[in-house]
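Reading the structure
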Amino acid sequence: MQLVSKTYSSAEQAYRAVKERILTGALAGGELISEGEVAAELGTSRTPVREAFLRLETEGWMRLYPKRGALVVPIPPDEAEHVAHARYVVETAAVRALAVTDRAGIDAALRESLARQRELATDLDAFALADTDFHRAYVAAAGNPLLTGFYDSLRERQRRMNSLALRRGPLDVPRIIDQHAHLAALIADGDTAAFATALVEHLSGVHQLALRGL
């Protein structure tokens, strides 16, 4: 388990370390872990780990069982579809807003993101994060803080879903990058209708969903 910066309290270190493993899929849904093993890996006592587990339970990432340990809560069966639907609504709205603005800045940012994705194609955890950042970039560029804030509330669920999809395998990462490049080109062209169609295909394929009503 990768240690978190010592500038944080022991409880914060434990919280961040365990949560990161959940989001990256290193701790799979349904896995049972103990305070003792986490404390040993982090080189701390059980008390801060217990505090971290309680915080993670409050956020819905864990379920605690006294004297047995902490269960990593699996992704609910319908969550992937619900998150994908919410993403579709926000991302298409953002692209419609971008279609009537100067898009030079976001075009350059998306090209830079694509280059980074190609560099990270063999590092699944880093690629999953870059994937999430790619989509957020054009949502934020639309300049609606309410949409961006809502999208950010989905961010951790997106990261976990992306990590799961990448680990489920076999997954064609170069194809995902090609789809991202296609989405970026449609944003550059201001083609909102084609973007909406391509986004459905992208989300459906990556997360193996049949997105109804889109």
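For the structure itself, look to the data block above.
A brief look at the structure comes next.

Analysis parameters
Residues numbered from 1 in each chain as written. Predicted model: local features only at pLDDT ≥ 70, side-chain atom pairs only at ≥ 80, totals over all residues. Heavy atoms only, no water. Salt bridge = Lys/Arg side-chain N within 4 Å of Asp/Glu carboxyl O. Helix = DSSP H or I, 4+ residues; strand = E, 2+ residues; numbered from the N terminus. Buried < 20%, exposed > 50% of the residue type's maximum accessible area, 1.4 Å probe, protein only. Pairing = 2+ DSSP bridges. Core = buried A, V, L, I, M, F, W, Y, C linked by side-chain atoms within 4.5 Å. Contact = heavy atoms within 4.5 Å. Expected span 1.5 Å × (residues − 1).

Throughout the structure, instances matching the rule amount to 13 salt bridges. Glu-12 is the partner of Arg-55 in a salt bridge, and the nearest nitrogen-oxygen pair spans 2.7 Å. Of this pair, Arg-55 sits in helix 3 (residues 46-58) while Glu-12 is found in helix 1 (residues 10-24), placing the two residues 43 residues apart along the sequence. Residue classification places Glu-12 among the buried residues on the basis of a relative accessible area of 15%. Note that Arg-136 is salt-bridged to Asp-152, the shortest N-O span being 2.6 Å. A residue pair is termed long-range when its members are at least 10 positions apart, and Arg-136 in helix 6 (residues 124-141) and Asp-152 in helix 7 (residues 145-153) qualify at 16 residues. With a relative accessible area of 30%, Asp-152 lands in the partly exposed category.

Strand order across the open sheet formed by 3 strands is 1-3-2, with antiparallel pairing between neighbours. Of all strands in the sheet, those bounded by a partner on one side alone are strand 1 (32-33) and strand 2 (62-65). In the sheet, strand 1 pairs with strand 3 (residues 69-72) via 2 bridges, with the strands oriented antiparallel. Directly across from Ile-33, in strand 3, lies its bridge partner Ala-70.

We now examine the nonpolar core. If you look at soluble globular proteins, the nonpolar side chains tend to sit buried side by side. Among the nonpolar cores identified, the biggest contains 36 residues, and Leu-110, Phe-134, Tyr-138, Ile-187, Phe-195 and Leu-199 are the most heavily contacted of them. Going through the elements one at a time, helix 4 (79-98), helix 5 (104-119), helix 6, helix 8 (155-168), helix 9 (173-189) and helix 10 (192-207) are the ones with two or more residues in this core. With 8 residues, the top contributor of residues to this core is helix 4. Not counting the four nearest positions on each side in its chain, Leu-110 is found in contact with Phe-134, Ala-137, Tyr-138, Ala-184 and Ile-187. Listed in part, the 19 residues of the second largest apolar core include Ala-17, Val-18, Phe-53 and Met-62.

Counted at 1.5 Å a residue, the expected span for helix 4 with its 20 residues is 28 Å, and the 28 Å between its end C-alpha atoms agrees. Among the 20 residues in helix 4, 15 count as buried, and that is most of the element.

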